[in-house]
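Understanding the architecture of this molecule
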Amino acid sequence: MLRVVLAQPRGFCAGVERAIEIVERALKKYGPPIYVRHEIVHNRHVVEDLRTRGAVFVDELDQIPPGSMTVFSAHGVARRVEELAQERGLPVIDATCPLVAKVHNEGRRYAAADREIVLVGHAGHAEVEGTIGQIQGTVHLVQTVDDVAALQPGSPDKLAYITQTTLSVDDTRHIIAALKARFPAIVGPDVRDICYATQNRQQAVRNLAAEVDVILVVGSRNSSNSNRLREIGEELGKAAYLIDDAAALRAEWFDGVESVGVTAGASAPEMLVQGVIDGLRQFDEVQVSTLDGVAENVRFRFPAELVDA
């Protein structure tokens, strides 16, 4: 018997649910095709499902025919992208996660007060690129404590920090502490502004690691928060694997293993988790339980043009 323990919470967060439903509602209201700049969320299965229903995913706006209904992804976009959409006459529905939009607002507010911005995040991530592009002013990207040590701001006494939402309090704690130690006058948002979903899912993996031998994280490789869940499992001494779906399961992972923990990144649908449970049945009989954890009841409003869809 293989004991399978599910993390709680896991999978979709409110921002992801909202973004996916925005595309679904747009398809229903306006009909296909609906053009989406970049992946609506970082999950291959979600993107492919929406593609079969008429969503067209593009890298840049010049791939979209003028006048076509366009959706911006949950990760947010730079201000220049918004301007280009207007220039091309594209009607836009913005699926930016409200928590990401909040970071944009904070960054703009600090910049308006003539502060240089330190953004704690991952270089190249869609959210980071969008956030930098939303702020008119100097933005320094830091990824590690070493980056803080190398930082050379023009005005050390006029600094503010903001963070990528898919980083948790634990991910950013040491970097923020280093910033405050080196630049005592730096200001930043309260830790309560950190994305609740990221923090909750990471804590759930920590709880899971205390209960199981192996951890499976369901999510795509380009998902920042899914990769971090796997890393946390490994940091806690467990074998941890990031998998797209049940097809990625390998028998050798479970040799001599009595218990397996399963979680999912914030962009991964629950059907993939259930598919993994079914996939584990090829190796042994399974007994499934769910850990106690935070019950999330966050809901975000939809854009006005889709409320009636």
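As a starting point, this report considers the structure included with it. (Residues numbered from 1 in each chain as written. Predicted model: local features only at pLDDT ≥ 70, side-chain atom pairs only at ≥ 80, totals over all residues. Heavy atoms only, no water.)

When its secondary structure is counted, the chain shows ten helices and twelve strands. For the chain, the C-alpha radius of gyration of 21 Å lies close to 19 Å, the compact-globule estimate for 309 residues. Structurally, the chain occupies a C-alpha span of about 60 × 55 × 30 Å along its principal axes. Among the 309 residues that make up the chain, the fraction classed as buried is 53%. The long-range fraction of contacts in the chain, counting pairs at least 24 apart against all pairs at least 6 apart in sequence, stands at 75%. Total accessible area computed for the chain in this model is approximately 13900 Å², and 48% of it derives from carbon and sulfur atoms. Averaging the locations of the 32 positively and 43 negatively charged side chains of the chain gives two centres separated by 5 Å. (Helix = DSSP H or I, 4+ residues; strand = E, 2+ residues; numbered from the N terminus. Rg over C-alpha atoms; globule rule 2.2 N^0.38 Å. Buried < 20%, exposed > 50% of the residue type's maximum accessible area, 1.4 Å probe, protein only. Contact = heavy atoms within 4.5 Å. Areas by Shrake-Rupley, 256 points an atom, 1.4 Å probe, with all protein chains shown as cover. Lys, Arg positive; Asp, Glu negative; His and termini not counted. Charge placed at Lys NZ, Arg CZ, Asp CG, Glu CD.)

Right, let's talk about the sheet that holds strand E8 (residues 159–163) for a bit. Across the sheet, which stays open at both edges, the three strands sit in the order E7-E6-E8 with parallel pairing between neighbours. The outermost strands of the open sheet, each flanked by one partner alone, are strand E7 (139–142) and E8. The mean inter-strand angle of the sheet, taken between neighbouring strand axes irrespective of direction, is 25 degrees. Alignment of strand E6 (residues 116–120) against E8, held across five bridges, turns out to be parallel. Considered in E8, the bridge of Glu116 is made with Leu159. Each of E6 and E8 is contacted by helix H4 (residues 98–112), which is oriented at about 175 degrees to E8, the strand it contacts most. (Pairing = 2+ DSSP bridges. Axes fitted to C-alpha atoms, helices over the stretch in contact; angles between N-to-C directions.)

This part covers the packing of aromatic side chains. Each aromatic ring pair is characterised by the separation of its centres together with the angle its planes make. Under the criterion given, the structure shown has three aromatic pairs. Measuring from centroid to centroid gives 3.9 Å for Tyr241 and Trp253, while their planes differ by 5 degrees, and the two rings are stacked. Remark: Trp253 occurs in the loop between strand E10 (239–243) and strand E11 (259–264) and Tyr241 occurs in strand E10; sequence separation between them is twelve residues. The exposure class assigned to Tyr241 is partly exposed, which follows from its relative accessible area of 24%. (Phe/Tyr/Trp six-rings, centres within 6.5 Å; stacked < 30°, edge-to-face > 60°.)

Glancing now at helix H8 (residues 196–209). Taking 1.5 Å of rise per residue, 14 residues should cover 20 Å, and H8 covers 20 Å from first to last C-alpha, within 8% of that figure. Of all 14 residues in H8, ten are buried, a share of seventy percent or more. Tyr196, Ala197, Thr198, Asn200, Arg201, Gln202, Ala204, Val205, Leu208 and Ala209 are the residues of H8 that are buried. (Expected span 1.5 Å × (residues − 1).)

If you trace the backbone, Thr165 turns up in the loop between E8 and helix H7 (169–182). Look at Thr165 and you get buried, because its relative accessible area is 8%. If near-sequence neighbours (up to four positions away) are discounted, Thr165 is found in contact with Leu99, Val100, Val103, Glu127, Cys195 and Thr198.

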